[in-house]
Amino acid sequence: MNSPSASFAAAHPIITLRGANALSPFRLDKLLSLLKVAYPGIRSVECAFIHFVETARELSVHEHSVLEKLLTYGGSSVPSGEGEFFLVIPRIGTISPWASKATDIAHNCGLTAIKRIERGTVFYLDFDGTLDGGARAAVQRAIHDPMTETVRSALVGADELFVTQPPQPLSLVPVTREGKAALVRANTEMGLALSVDEIDYLFDYFHRIARDPSDVELMMFAQANSEHCRHKIFNASWTIDGAAQDKTLFGMIRNTEALSPRGTIVAYSDNSSIMQGAEIERFFPDVDGTFAFHRDETHILMKVETHNHPTAIAPWPGAATGAGGEIRDEGATGIGSKPKAGLTGFSVSNLNIPDHRQPWETDYGKPSRIASALQIMIDGPLGGAAFNNEFGRVNLTGYFRTYEQHDRSVVRGYHKPIMIAGGLGNISATHTHKRPLVAGTLLIQIGGPGMRIGLGGGAASSMTSGTNSEALDFDSVQRANAEMERRCQEVIDACWAMRDANPILSIHDVGAGGLSNALPELAHGGGAGARFDLRAVHSEEPGMSPKEIWSNESQERYVIAIAPVSLDLFKQFCERERCPFAVLGVATNEQQLVVADPLFANNAVDLDMEVLLGTTDMTSRCMRGGLPSKTSMSISTALLANSRSATTSCCSFVATPRTANGHLSRSQNCLNNARDAGAIAITYRSCDSLLQISLGDIPGSSECTARKSKRAPAPPPCASSGNAFESPPAPTS
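Procedures and definitions
Residues numbered from 1 in each chain as written. Predicted model: local features only at pLDDT ≥ 70, side-chain atom pairs only at ≥ 80, totals over all residues. Heavy atoms only, no water. Phe/Tyr/Trp six-rings, centres within 6.5 Å; stacked < 30°, edge-to-face > 60°. Helix = DSSP H or I, 4+ residues; strand = E, 2+ residues; numbered from the N terminus. Buried < 20%, exposed > 50% of the residue type's maximum accessible area, 1.4 Å probe, protein only. Lys NZ or Arg CZ within 6 Å of the ring centre and 35° of its normal. Pairing = 2+ DSSP bridges. Axes fitted to C-alpha atoms, helices over the stretch in contact; angles between N-to-C directions. Contact = heavy atoms within 4.5 Å. Parallel < 35°, antiparallel > 145°, perpendicular 65-115°, else oblique. Nonpolar A, V, L, I, M, F, W, Y, C, P; charged D, E, K, R; others polar. Salt bridge = Lys/Arg side-chain N within 4 Å of Asp/Glu carboxyl O. Expected span 1.5 Å × (residues − 1). Left-handed = near helix turned anticlockwise from the far one by under 90°. Arc of directions from axis to C-beta. Core = buried A, V, L, I, M, F, W, Y, C linked by side-chain atoms within 4.5 Å. Polar contact = N/O pair within 3.5 Å; in protein donor to acceptor, adjacent residues only side chain to side chain. Disulfide = S-S within 2.5 Å.

### A closer look at the packing of aromatic side chains
For the structure shown, the criterion picks out 12 aromatic pairs. Pairing Tyr201 with Phe221 gives two aromatic rings, centres 6.0 Å apart and planes at 25°, and the pair type is stacked. In this pair, Tyr201 sits in helix H7 (residues 196-209) while Phe221 sits in helix H8 (residues 215-224), placing the two residues 20 residues apart along the sequence. Judged by relative accessible area, Phe221 falls into the buried class, the value being 2%. Seen from the ring of Tyr268, Arg254 lies directly overhead, with NZ or CZ sitting 5.3 Å from the centre.

### Quick notes on the sheet that holds strand S17 (residues 504-509)
Strand order in the open sheet formed by 7 strands is S17-S19-S16-S20-S18-S21-S22, and the pairing between neighbours is mixed. At either margin of the open sheet sits one strand with a lone partner, and together these are S17 and strand S22 (602-608). On average, adjacent strands in this sheet sit at an angle of 20° to one another, irrespective of strand direction. By the bridge criterion, 4 bridges tie strand S18 (residues 529-533) to strand S21 (residues 592-597) in an arrangement that is parallel. Bridging across to S21, Arg531 finds its partner in Val594. Packing against the sheet, H8 makes contact with S21 and S22, and its axis sits at approximately 40° to S22.

### Observations regarding the packing of H8 against helix H17 (residues 515-525)
Two numbers describe how H8 lies on H17: the axes approach to 9 Å, and their chain directions differ by 70°. It follows that H8 is roughly perpendicular to H17 by the angle criterion. Taken together, the residues of H17 that come into contact with H8 (itself represented by Met220, Gln223 and Ala224) are Ser516, Asn517 and Pro520. Taken together, the residues of the contact of H8 with H17 break down into 3 nonpolar, 3 polar and no charged.

### Focus on the pattern of salt bridges
One pass over the full model with this rule turns up 33 salt bridges. Glu217 is paired through a salt bridge with Arg211; the nearest N and O atoms lie 2.7 Å apart. Note on Glu217: relative accessible area 2%, which makes it buried. Within this structure, Asp104, Glu483, Arg487 and Arg578 form a network of salt bridges that share partners.

### As for the pairing of strand S14 (residues 410-413)
As paired elements, strand S13 (residues 404-407) and S14 share 4 bridges and run antiparallel to each other. When the bridges of S14 are listed, Glu404 appears paired with Gly413. Between S13 and the antiparallel strand that follows it, S14, lie 2 residues; Arg408 among them carries a positive phi value of about 60°.

### A short note on helix H1 (residues 25-38)
Given a rise of 1.5 Å per residue, 14 residues ought to cover 20 Å, and the 20 Å separating the end C-alpha atoms of H1 matches this to within 8%. Where H1 is buried, its residues meet strand S2 (42-55), strand S4 (114-127) and helix H4 (133-143).

### What about the packing of helix H12 (residues 315-331) against helix H13 (residues 373-391)?
Where H12 contacts H13, the two axes come as close as 7 Å, and the packing angle between them is 40°. The angle between H12 and H13 falls in the class oblique. Judged by the twist between their axes, the crossing of H12 over H13 is right-handed. In this structure, H12 contributes Pro315, Trp316, Ala319, Ala320, Ala323, Gly324 and Ile327 to the contact, and H13 contributes Gln375, Ile376, Asp379, Gly380, Leu382, Gly383, Gly384, Ala386, Phe387, Asn388 and Phe391. Looking at the contact of H12 with H13 residue by residue, the classes come out as 11 nonpolar, 6 polar and 1 charged.

### Quick look at H7
Here H7 spans 20 Å end to end across 14 residues, near enough to the 20 Å set by a 1.5 Å rise per residue. Taken together, the buried positions of H7 are Glu198, Ile199, Leu202, Phe203, Tyr205 and Phe206. Looking down the long axis of H7, one finds its buried residues gathered within 165° of arc, a one-sided arrangement. Opposite the buried face of H7, by more than 90 degrees, sit the exposed residues Val196, Asp197, His207 and Arg208. The elements touched by buried residues of H7 are helix H5 (175-178), helix H6 (180-189), H8, S22 and helix H20 (609-613). Count one or two residues on from H7 and you reach Ala210, which has phi positive near 60°.

### Let's talk about the nonpolar core
Ranked by size, the top nonpolar core spans 52 residues in total, and within it Leu515, Leu519, Phe532, Trp550, Leu593 and Val605 carry the most contacts. Top contributing element to this core by residue count: H8, with 7 residues. Leaving out residues up to four positions away in the same chain, Trp550 has contacts with Val216, Met220, Gly513, Gly514, Leu515, Ser516, Leu519, Phe532, Leu534, Val595 and Val605. Within the second largest apolar cluster, 23 residues are counted, among which are Trp496, Ala497, Met498 and Ile562.

### Quick notes on the environment of Pro520
By the secondary structure assignment, Pro520 is in helix H17. Each C-alpha atom, one on Pro520 and one on Ala530, is 7.5 Å from the other, the two residues being 10 residues apart in sequence. Ignoring anything within four residues of it in the chain, the contact list for Pro520 reads Met220, Leu515, Leu593, Met609, Leu612 and Leu613.

### Some remarks on the side chain of Ser349
As for its position among the elements, Ser349 is in the loop between strand S11 (338-348) and H13. Of the polar contacts made by the side chain of Ser349, one reaches the side chain of His415; its length is 2.9 Å.

### Re the side chain of Asn552
Turning to its location among the elements, Asn552 is positioned in the loop between helix H18 (546-551) and strand S19 (557-562). Among the polar contacts listed, one links the side chain of Asn552 to the side chain of Ser554, at a separation of 2.7 Å.

### Some thoughts on the sheet that holds strand S12 (residues 394-402)
The mixed open sheet is built from 6 strands, whose spatial order is S8-S9-S10-S15-S11-S12. The outermost strands of the open sheet, each flanked by one partner alone, are strand S8 (264-266) and S12. Averaged over all pairs of adjacent strands, the angle between strand axes in this sheet comes to 35°, irrespective of strand direction. Lying on the sheet, H13 is in contact with S11 and S12; it crosses S11 at an angle near 180°.

### A closer look at the pairing of strand S6 (residues 237-240)
In terms of strand pairing, S6 meets strand S23 (residues 620-623) through 4 bridges, oriented parallel. Bridging from a neighbouring strand, Trp238 pairs with Arg621 of S23. Looking at chain direction, S6 and strand S7 (residues 243-244) are connected through 2 bridges and run antiparallel. In the strand pairing of S7, Ile240 is matched with Ala243. Where S6 folds back on S7, the antiparallel hairpin that results is connected by 2 residues, among which Asp241 adopts a positive phi of roughly 55°.

### Comments concerning the environment of Ala56
With respect to the helices and strands, Ala56 occurs in the loop between S2 and helix H2 (61-70). Put simply, Ala56 and Thr112 are 56 residues apart on the chain and 8.7 Å apart in space, counted from C-alpha to C-alpha.

### Brief notes about unusual backbone geometry
The phi torsion at Tyr268 lies on the positive side, around 60°, for a residue other than glycine. Among the secondary structure elements, Tyr268 is positioned in the loop between S8 and strand S9 (273-285).

### Comments concerning the state of the cysteines
Under the criterion given, the structure shown has 0 disulfides. Residue Cys574 stays outside any disulfide, its sulfur separated by 5.0 Å from that of Cys579, the closest cysteine. As a non-bridged cysteine, Cys579 has Cys488 as the owner of its nearest cysteine sulfur, 3.8 Å distant.

What follows is the structure, given as structure tokens:
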């Protein structure tokens, strides 16, 4: 079925309102330094915010006055407007997190006629001579992030932000006509990262049922079976120097818990692990809304995951959504739980700081769309801390490493960075395991709308950095809205606070693969099939195709299973917290996944659950051992190099808490020894007990430091599991 090709502009003229200076004098000076590197003739730069408002009708005088007051913030000074004009706006086809928040605030202030408020930044550059093509491109790179922003040379260019497209139909991959070659081509064009075995597997299945797969089905299969989701390399069998290894990488990790399972409640089977806690006093509201202390056996959540690919291409939003995804994993453990304290960490290649190049650092190039190690370490920690802060979870600890190793003609290092997000939380002992789902169970999405962003991130994260196409790397950029995630968590909190009457039967966060991964996982985990209505999914952009609706990785979403009888209560919780929700489908007895599209009167997905989730590509890997070549140097040179290495520097900047939420007992930054940064910090588990969190090189040393501190209790001698310790109450003096 063909769809209309026309696009639709805004029904009413876009309102343009200028704002104050966008950057402080300090940041403006830094920007000017960067611009002079791009083009030495630049003398000065000014920049200011500018707002674009789309409305459903013409605003009244009063409404316009309220709008102007809402968009008057920051300083009172405005740029002179002298110099060449550059307009930086959100990437065309996307909606910025700022826009979502600003539009929501406007609606809460009674401005219901406003459809969307977007913000751009106007730059005025004064320079000698003229900017040729190369210099202009360098200047534009200095003032915007191409992964999330667009540059225009006139204000009218902002009108593109509000152009919408008609709904697009699904596409079929012509396997019945072209055979396996059609799947091979789709694998490359769509960035699916399918292995040869997986292509053979899909070809055999669709050849057997004699139909062509839809692009929705292929994208969903690729995300659900990506390395990011299935950990095929970690589950692979290894042969090293001709000798078969008796354990997989995951087997080695799990071996620790297998040999010493004491205190383990849940491991390797849910969104977070759970270890034995204790009976404590928890402070939360009763069913009638009255806050009170409740004696409850409460276990401890632990989770650490990585968010490498998004951080490599867009460090701030990549690290922010990494932290946000880990928070959602904690909240979506069991049948609902409470995130409490977080951590972030970064491993990158050599920093190559301008005017501070170290003797061991070399410049060997990188893909243009991959951020430099220095840029990752400037923006990444800020993005991770910003999300934790906006969500309201303290970020207690972290680490930072650089590494490169020259091995003959190969330079090994963290060229694809590691961004670690982790944390601790609380969960009631009665809520640690998900419930089975019976036919008719409602399958619900809560959180923000879907957008054309973060598409194919699961597969992209599973590829070698720089091997995906540039356009597909752009597609996998994500955006963060911590305030929306906070609303979702408040709904979850309201559910688990009902204790035995908790309406949640099962819950998962929406991460890699979007709904195409989360909803099948929700149904399959409950032993059921499912049928969904594609058009029931909240979508901000009407022109999205079924593939984009089903597989986009818009953040701050969860999927939840509840009984039909609980719908009214659940709706009350969502409306109270202003948390969007939608019933997307129901569980079925048949082990079939069906995603119906009533708009185009077809099924975007119609697959056997076992085909989607029942197979894993059991990879085999062979490698030769041996150490890399050594570099000869004197002891004094080695000591000097070690003292100047970023690894031995103070890492407090990755973990400086920026949240005052009552959960912080002591930060790692209270330690006097900078080398202990990242080693130990303490959060409140309840009003009368503490929980210590450790991440670093020398936790034993950190224990000694903690014992000397008057601001935190000493760890007990034998109540440890990994690096999380149960602590006695804080001292009263």
